[in-house]
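Descriptive analysis of the structure
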Amino acid sequence: TILARNQYSSANPVVIEVEHKAPVDLYKPDLYVLAIGVSEYQDASYNLGYAGIDAKAIGEVFAGQGKLFNQIRHQVITDAEATKGNILDALDWIDQATTQRDLAVIFVAGHGVNDERGNYYFLPHDADPKRLRRSGVKWFEFQDVVTNLPGKVLLLADTCHSGNILGSAKRGAGADITAAIKSITAEGTGQVIMTAATGSSPSLESAKWGHGAFTKALI
């Protein structure tokens, strides 16, 4: 609206409509999704109900966001495929594939445990909690990728299922991911991190939801 005015009087306002057409070739970033979920372990006593299903669901949800992205590339690794070697290879994939203009999403669901020194490990399908250094995926592997990816990063972690999986007398009352998360945020590189729980709180899953609570909320 334009109004002409001087010290004597004011003109009637005039409304002018202005239309701006955005260019059709607006850049859309590529989306890279790595979803890891372990419900079935070599040691069946560690089995969970929905971690693998959660990883598949997250992969499907992000794969359906085509309007927001130029290309969507994703890897979903679950259960028997989620070995330590395959997980490390997948981290290499997302590390090498993304550029500074892309969005990377890493989702991980399953057991997480601390060793005697407080180091946090994700337990792959072939993990032996008594030999964490050899069979577990140390959190540093995730930290190293997340903090060094050139683009934007969204880390979704649902790894506090463990309770006293290693025995409370030996390892403490449960897994604590808090220090592991702080090790990433301390880098100050602007990643977005969402976790199912912090401290020694367990994350929850239920047949009523068909998912873990964290994944159900994300979906």
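Before reading further, recall that the structure is shown in the block above.
Rules used in this analysis
- Residues numbered from 1 in each chain as written.
- Predicted model: local features only at pLDDT ≥ 70, side-chain atom pairs only at ≥ 80, totals over all residues.
- Heavy atoms only, no water.
- Core = buried A, V, L, I, M, F, W, Y, C linked by side-chain atoms within 4.5 Å.
- Buried < 20%, exposed > 50% of the residue type's maximum accessible area, 1.4 Å probe, protein only.
- Helix = DSSP H or I, 4+ residues; strand = E, 2+ residues; numbered from the N terminus.
- Phe/Tyr/Trp six-rings, centres within 6.5 Å; stacked < 30°, edge-to-face > 60°.
- Expected span 1.5 Å × (residues − 1).
- Arc of directions from axis to C-beta.
- Contact = heavy atoms within 4.5 Å.
- Axes fitted to C-alpha atoms, helices over the stretch in contact; angles between N-to-C directions.
- Parallel < 35°, antiparallel > 145°, perpendicular 65-115°, else oblique.
- Nonpolar A, V, L, I, M, F, W, Y, C, P; charged D, E, K, R; others polar.
- Salt bridge = Lys/Arg side-chain N within 4 Å of Asp/Glu carboxyl O.
- Pairing = 2+ DSSP bridges.

1. A word on the nonpolar core
Residues Ile36, Ile87, Phe122, Trp139 and Phe142 are the most contacted members of the largest nonpolar core, which totals 35 residues. Those elements that provide at least two residues to this core are strand S1 (31-37), helix H2 (84-97), strand S3 (103-109), strand S5 (120-122), helix H4 (139-148), strand S7 (152-158) and helix H6 (178-185). Counting residues in hydrophobic clusters, the runner-up holds 15 residues, among them Ala35, Phe69, Val105 and Phe107.

2. Describing the packing of aromatic side chains
Taken as a whole, this structure holds five aromatic pairs when the rule is applied. Ring plane angle 85° and centroid distance 6.4 Å describe the contact between tyrosine 41 and tyrosine 46, whose orientation is recorded as edge-to-face. Each member of the pair tyrosine 41 and tyrosine 46 is classed as buried. The interplanar angle of 35° and the centroid separation of 5.2 Å between the aromatic rings of tryptophan 139 and phenylalanine 142 together place this pair among those described as tilted. Of this pair, tryptophan 139 and phenylalanine 142 both sit in helix H4, three residues apart, which is roughly one turn of the helix. For the pair tryptophan 139 and phenylalanine 142, a shared accessibility class is recorded, and that class is buried. Here a set of aromatic residues connected by ring pairs shows up, and it is made of Tyr120, Phe122, Trp139 and Phe142.

3. Focus on H2
The terminal C-alpha atoms of H2 lie 20 Å apart, and with 14 residues this matches the ideal 20 Å at 1.5 Å per residue to within 8%. Within H2 the residues assigned to the buried category are Ile87, Ala90, Leu91 and Ile94. Buried residues in H2, looked at end-on, bunch into an arc of 100°, giving them a common side. Each element contacted by the buried residues of H2 is listed here: S1, strand S2 (72-78), S3, S5, strand S6 (137-138) and H4.

4. Details of the packing of H2 against H4
The interhelical angle for the contact between H2 and H4, taken along N-to-C directions, is 10°, at an axis separation of 10 Å. As far as their axial angle goes, H4 and H2 are roughly parallel. Listed contacts from H4 to Ile87, Leu88, Leu91, Ile94 and Asp95 of H2 are Glu141, Phe142 and Val145. Taken together, the residues of the contact of H2 with H4 sort by class into six nonpolar, no polar and two charged.

5. A look at unusual backbone geometry
At aspartate 79, a position not held by glycine, the phi torsion is positive, near 50°. With respect to the secondary-structure elements, aspartate 79 resides in the loop between S2 and H2. Given the relative accessible area of 14%, aspartate 79 is considered buried.

6. Description of the pattern of salt bridges
Tallied over the entire structure, the rule returns two salt bridges. One salt bridge in this structure joins arginine 73 and aspartate 30, with 3.5 Å as the shortest N-O distance. Here aspartate 30 lies in the segment before S1 and arginine 73 lies in strand S2, a separation of 43 residues in the sequence. A residue is classified by how much of its surface remains accessible, and aspartate 30, at 12% relative accessible area, is buried. Between aspartate 128 and arginine 131 there is a salt bridge, with the nearest N and O atoms lying 2.8 Å from each other.

7. What about the sheet that holds S7?
As summarised here, the arrangement of the five strands in space is S2-S1-S3-S7-S8, forming an open sheet in which the pairing is parallel. Strand pairing shows two members of the sheet lacking a second neighbour, S2 and strand S8 (192-195), which therefore form its edges. Along the sheet, successive strands turn relative to each other by an average axial angle of 10°, direction set aside. Pairing analysis gives four bridges linking S7 to S8, with the strands arranged parallel. What sits directly across from leucine 155, in S8, is isoleucine 193. Helix H1 (residues 51-63) contacts S1, S2, S3 and S7 of the sheet and is inclined by roughly 175° relative to S2.

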